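Inside the fold
This is what each chain is made of:
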Amino acid sequence: MSRRVRRRVVKRGKEKVDIPEVDENLMLPEEGVVDWTKLPDDTVIQIFLCLNYRDRAALSSTCRTWWALGRSSCLWQALDVRAHKFDSAAASSLASRCGDLQKLRFRGPESAEAIINLQAKHLREVSGDGCRKMTDATICVLAARHQELQCLQIGPDYCEKITSDAVKAIAICCPQLQKLRLSIHEVEADAINALAMHCQSLTDVGFIDCRKVDEAALGNVESVRFLSVAGTTNIRWDSAVQHWNKLPNLIGLDVSRTDIGPSAVSRLFSSSSSLKLLCSLSCPALEGDAAFASNNNHKGKVLLTVFTDILKGVGSLFGDTPRSDRDIFVHRSNSIKDKTLNEILNWLEWNLSNSLLRVSESNPSGLDKFWLEQGTGLLLNFMQSSQEEVQERAATALATFIVVDDENASIDIGRAEAVMQDSGISLLLNLARSWREGLQSEAAKAIANLSVNAKVAKAVADEGGIDILTNLARSVNRLVAEEAAGGLWNLSVGEEHKGAIAKSGGVKALVELIFKWSRTSGGEGVLERAAGALANLAADEKCSIEVATMGGVHALVMLARNCKIEGVQEQAARALANLAAHGDSNNNNAAVGQEIGALEALVQLTNSPHDGVKQEAAGALWNLSFDDRNREAIAAAGGVAALVALAHSCSNASHGLQERAAGALWGLSVSETNSIAIGREGGIAPLIALARSNSEDVHETAAGALWNLAFNPGNALRIVEEGGVQALVWLCSNSASKMACFMSALALAYMFDGRMDEIAQIVSLSEGPSKSGNLDGPRRMALRHIDSFLKTFSDPQAFSAAAASSGPAALAQVTESVRIPEAGHLRCSGCEIGRFVTMLRNPSPTLKSCAAFALLQFSIPGCRHALHHVSLLHNAGAPRVLRVAAAATGAPLEAKIFARIVLRNLEQHQNQHQAE
């Protein structure tokens, strides 16, 4: 592969990169195929530089030559293992490549302990996070084995087990140290004095979010140029001013998130000859002093705080140099030649981005104006930094500061739109395209959170964000895949984005995530987000087919069966519920029911200790019960007992859980066998209790279940005995839901059409007087309220016109005035239609009217199940009975007109059928 090529050198930041010129012999042949093995070595290395570590390893395995090139030292000068399991074995496997490793980023104490196995003797920079449990011993070994360290950063998590002893070890072992940033419990005087004595090149010190730091000892570190005590408590400011103003080289001081007051700031500015700028973001004592806030005279010093123009203040450091304050951080690499100014800006970027992230996490009140006018712009500036850590932190802060309520996915609309209006979406998507996985995950997190807002979600989609997130969802990096799946989850809320996600391959990527991460530990976040996104997509009919086609049913059932994590269970059950919701348009409902273990898993989830899981599982069983085979299989899997128990337990639960528990029993009770089983299991009492809910949705499902149950005379009697008549009467008269009133009236009509009387007599003879007692009182009450319900639909003018004329227009006017649109979704069996037809012959005028009213609702042309009901009406001989009812002289006017309308509906269906 060695080829003689001419080279030219171009600058990329501070590095010089050799770029080979393209040899004419490397042009693609006519068939468009290139022999990659003939690429110049330098070109291959440049390709490797643009890849993450996994992809480099994959390419290295292509051939022996690439394997050798993959070990080139220039590829292994920096290593980021935060997203990987980095233990002693992994470190040992990389040791042969890391002889020249200079920069390392890791996460967690286990990774820190494994670093020595890299045998990277020339390591210069080490940065670790997630090290809350790291100990002195680990730090001491790390320092002792890497004596050429120039930069050590451990944080931002507070390291509760690291003490001043570790700081002393660092000072003694690492004399070349230039930058030290720690977040530990306490930094005592002897540790700081050790730094002053042994680390003569130490210019950047950060004791951030510490509990206590010895102020006097810090005054001995004369080499320090940049000092940060941001977030550090218990600082004695009189002592700090007294000793820090004598530091001869101190240029920048960060006291953000401390209790520093105006007096200390003024004394520092007046007494320190070298100090140029002081950062004091989120310092309540300063911000609460109106006089100090309005004072802009700091004797040439720069104060950066929430009440100053931060970018203008930074720009003032440049004197008369032409500049744009708004872009001071973005374009400085090409325009600023002063090394000191660049160092100041690097330090400012790191510290300001860190403070903005910390402030966004605590989200104190009173900062809305700051975030809108300055904070957002600063973060967008920092996202374009040359420092990867700053970029990551800025993206994380953007993801954080917009969140108002994490539990309910609520964000601050003003802040979110401020990000969008300032080209923030483009910047985030550019970061998400990076090969650096840390940037990918943090950018994807910000995109996900911002996409909760519909306007931002549209902007993300318009700028190609869906394709980017879909690609990231395929990442082998867990953190990247998790945040990308979260982004697709939020975007999939919008109906307009569902098709685009499916088109981009998002459904397949999400299903594959479930199969991949369900086999490993630690992937719960990925699984929850992937299942949540699939649940949203499954709500769309076309996308639901795509989910099933890509193996989504099996994947989701596998989660419901095997995963023990609440969030994953909830989203998997919700996804299955949505897949089963399109029973009339595809086969997904049956497919879910036929998947091995699906129904058993959902029945089991109704016993979960978590309401959200129970709610979604019950919702899935409700939807699945619309399929005849599923309905019986659910009962066979113990669904009746489980759902009755759920209905009993949810009297004080959320309305959503109550609705679905009653709805699932409603669905199961369509089967007479299940209906009888529900009654015997004690399901009537909890449904009556739910009927008294103050939620219209619960009214409907409870009334629907009781309507089905009342079809059986034995259940009807149980309803009377349990006080259900009063509950149904109340629903019939008081519910704001017309559907709940309608089904309550039908349940009462079933109960008192005469069939229950025979059962009541048998029970009375065999068991003695029962709770039902005399049925005459409940019957009169029920019929009175049925009649009142029907009269709410009475339009005297329309009824008079219909009575005087049999013309279609008059009947159509009545139909329109009495129609309950939602009733068209109800599907009755032949037995139920036959019962209403029989009820037309009942001597009770109220029951006649109720039966005719019900048949009117079920036969209106254009309704979902009208054709089905018309067929059943003909099978039951309804036309003759309807004609009799329409002509009966003693029948109520309403009953006669309703009967005529049903006849008219039958004629219309017949005429339509003949025309076809």
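The structure this text deals with has already been given above.
Values in this document were obtained by computation on a predicted structure and should not be read as measured data. (Residues numbered from 1 in each chain as written. Predicted model: local features only at pLDDT ≥ 70, side-chain atom pairs only at ≥ 80, totals over all residues. Heavy atoms only, no water.)

1. So, the overall build of the protein chain
- Per the secondary structure count, the protein chain includes 51 helices and 16 strands.
- Relative to a compact globule of 916 residues, whose C-alpha radius of gyration would be 29 Å, the protein chain shows 37 Å and is clearly more extended.
- Counting only C-alpha atoms and orienting by the principal axes, one finds that the protein chain spans roughly 110 × 75 × 55 Å.
- Counting the 916 residues in the protein chain, one finds 56% classified as buried.
- Across the protein chain, the fraction of contacts at a sequence separation of at least 24, relative to all contacts at a separation of at least 6, is 68%.
- Roughly 39,000 Å² of accessible area belongs to the protein chain as shown, and the carbon and sulfur atoms make up 48% of that amount.
- Here the protein chain contributes 91 positively and 101 negatively charged side chains, and the mean placements of these two sets differ by 2 Å. (Helix = DSSP H or I, 4+ residues; strand = E, 2+ residues; numbered from the N terminus. Rg over C-alpha atoms; globule rule 2.2 N^0.38 Å. Buried < 20%, exposed > 50% of the residue type's maximum accessible area, 1.4 Å probe, protein only. Contact = heavy atoms within 4.5 Å. Areas by Shrake-Rupley, 256 points an atom, 1.4 Å probe, with all protein chains shown as cover. Lys, Arg positive; Asp, Glu negative; His and termini not counted. Charge placed at Lys NZ, Arg CZ, Asp CG, Glu CD.)

2. Some details on the packing of aromatic side chains
- For the coordinates displayed, the defined rule picks out 17 aromatic pairs.
- Centroid distance F742 to F853: 5.8 Å. Interplanar angle 70°. Geometry classified as edge-to-face. Remark: F853 occurs in helix α48 (residues 845-859) and F742 occurs in helix α42 (residues 738-751); sequence separation between them is 111 residues. There is no split in this pair, since F742 and F853 are both buried.
- Each member of the aromatic cluster is reached from another via a ring pair, and the members are W707, F711, F742, Y750, F789, F793, F799, F836, F853, F858 and F898.
- Above the plane of the ring of W350 lies R393, whose end atom (NZ or CZ) is 4.4 Å from the centre. (Phe/Tyr/Trp six-rings, centres within 6.5 Å; stacked < 30°, edge-to-face > 60°. Lys NZ or Arg CZ within 6 Å of the ring centre and 35° of its normal.)

3. Looking at helix α7 (residues 164-173)
- Counting buried positions along α7 yields seven of ten residues, so the element is predominantly enclosed.
- Here α7 has its buried residues at S164, A166, V167, A169, I170, A171 and C173.
- Buried-residue contacts for α7 involve α6 (136-145), β6 (151-159), β7 (179-184), β8 (186-187) and α8 (189-198).

4. So, the pattern of salt bridges
- Under the criterion given, the structure shown has 35 salt bridges.
- A salt bridge links R225 to E343, with the shortest nitrogen-to-oxygen separation between them at 2.6 Å. You can see R225 sitting in the loop between α9 (215-218) and β11 (226-228) and its partner E343 sitting in helix α16 (residues 339-362), a full 118 residues away along the chain.
- Note that D627 is salt-bridged to R629, the shortest N-O span being 4.0 Å.
- Beyond isolated ion pairs, a larger network of salt bridges with shared partners links D80, R82, R105, E388, E392 and R436. (Salt bridge = Lys/Arg side-chain N within 4 Å of Asp/Glu carboxyl O.)

5. Concerning the nonpolar core
- Among the nonpolar cores identified, the biggest contains 228 residues, and L348, F742 and M751 are the most heavily contacted of them.
- When residues in this core are grouped by element, the largest group, eleven residues, is from α42.
- If you look at the next biggest cluster of nonpolar residues, it comprises 83 residues, including V126, I154, V187 and V213. (Core = buried A, V, L, I, M, F, W, Y, C linked by side-chain atoms within 4.5 Å.)

6. Some thoughts on helix α45 (residues 796-804)
- Among all positions of α45, only A798, F799 and A802 are buried. The arc enclosing the buried residues of α45, seen along the axis, measures out at 95°, which places them on a common side. Every exposed residue of α45 that faces more than 90 degrees away from the buried side is listed here: P796, Q797 and A804. (Arc of directions from axis to C-beta.)

7. Some thoughts on unusual backbone geometry
- A cis amide bond links G155 to the next residue, P156, at an omega of 10°.
- Position of P156 among the secondary structure elements: in strand β6.
- Even without being a glycine, Q119 presents a positive backbone phi close to 55°.
- With respect to the secondary-structure elements, Q119 resides in the loop between α5 (109-114) and β5 (125-129).
- For Q119, a relative accessible area of 55% corresponds to the exposed category.
- With a phi angle near 60°, D209 is a residue other than glycine that sits in the positive phi range.
- Mapped onto the secondary structure, D209 falls in the loop between β9 (204-207) and β10 (212-213).
- Classification of D209 as buried rests on a relative accessible area of 18%.

8. A short note on the pairing of strand β4 (residues 103-107)
- Bridge count between strand β3 (residues 78-80) and β4: three bridges; the pairing is parallel. Of the residues in β4, the one forming a bridge with A78 is K103.
- Following the backbone out of β4, through α5 and into the adjacent parallel β5, one traces a crossover that is right-handed. (Pairing = 2+ DSSP bridges. Right-handed = clockwise from strand over helix to strand, strands pointing away.)

9. Some points on the layout of surface pockets
- In this structure, the second largest pocket spans a volume of roughly 1,500 Å³.
- Forming the walls of the second largest pocket are 48 residues, and the residues nearest its centre are W622, F626, V670, H825 and R827.
- Residue contributions to the lining of the second largest pocket peak at five residues, all from helix α39 (residues 696-710).
- A breakdown of the residues in the lining of the second largest pocket according to their chemical character gives 14 nonpolar, 19 polar and 15 charged. (1 Å grid on protein atoms, 1.4 Å probe; cavity = no way out; pocket = protein on both sides within 12 Å on 5 of 7 lines; lining within 4 Å. Points joined across faces, edges and corners; volume = space filled by probe spheres on them. Nonpolar A, V, L, I, M, F, W, Y, C, P; charged D, E, K, R; others polar.)

10. So, the sheet that holds β3
- Across the sheet, which stays open at both edges, the ten strands sit in the order β3-β4-β5-β6-β7-β9-β11-β12-β13-β14 with parallel pairing between neighbours. At either margin of the open sheet sits one strand with a lone partner, and together these are β3 and β14 (302-304). The sheet shows a mean angle of 10° between the axes of neighbouring strands, direction not considered.
- Pairing analysis gives four bridges linking β5 to β6, with the strands arranged parallel. Across the sheet, E125 pairs through a bridge with C151, a residue of β6. (Axes fitted to C-alpha atoms, helices over the stretch in contact; angles between N-to-C directions.)

11. Quick notes on the packing of helix α36 (residues 655-668) against α39
- Following both chains from N to C, one finds α36 and α39 inclined at 20°, their axes separated by 8 Å at the closest point. Between α36 and α39, the interaxial angle falls into the category roughly parallel. The two elements α36 and α39 cross, and the hand of that crossing is left-handed. Contacts between α36 and α39 involve H655, Q658, E659, A662, G663, L665 and W666 from the first element and D697, V698, E700, T701, A702, G704, A705 and N708 from the second.
- Class assignment of the residues belonging to the contact of α36 with α39 gives a composition of six nonpolar, six polar and three charged. (Parallel < 35°, antiparallel > 145°, perpendicular 65-115°, else oblique. Left-handed = near helix turned anticlockwise from the far one by under 90°.)

12. Things to note about the pairing of β5
- In terms of residue burial, β5 counts as a mostly covered element, since four of its five residues are buried.
- Here five bridges tie β4 to β5, and the two strands are oriented parallel to one another. Residue pairing for β5: K103 is matched across the bridge by E125.
- The parallel pair β5 and β6, bridged by α6, forms a crossover whose chirality is right-handed.

13. Re the packing of helix α32 (residues 598-605) against helix α33 (residues 611-624)
- It is the contact of α32 with α33, at a shortest axis distance of 8 Å, that shows an interaxial angle of 140°. Relative to α33, α32 is oriented oblique. Seen from above, α32 lies across α33 with left-handed handedness. Every residue of α33 that contacts α32 at L599, L602, V603 and L605 is listed here: V613, K614, A617, A620, L621 and L624.
- Along the lines of polarity and charge, the residues of the contact of α32 with α33 split into nine nonpolar, no polar and one charged.

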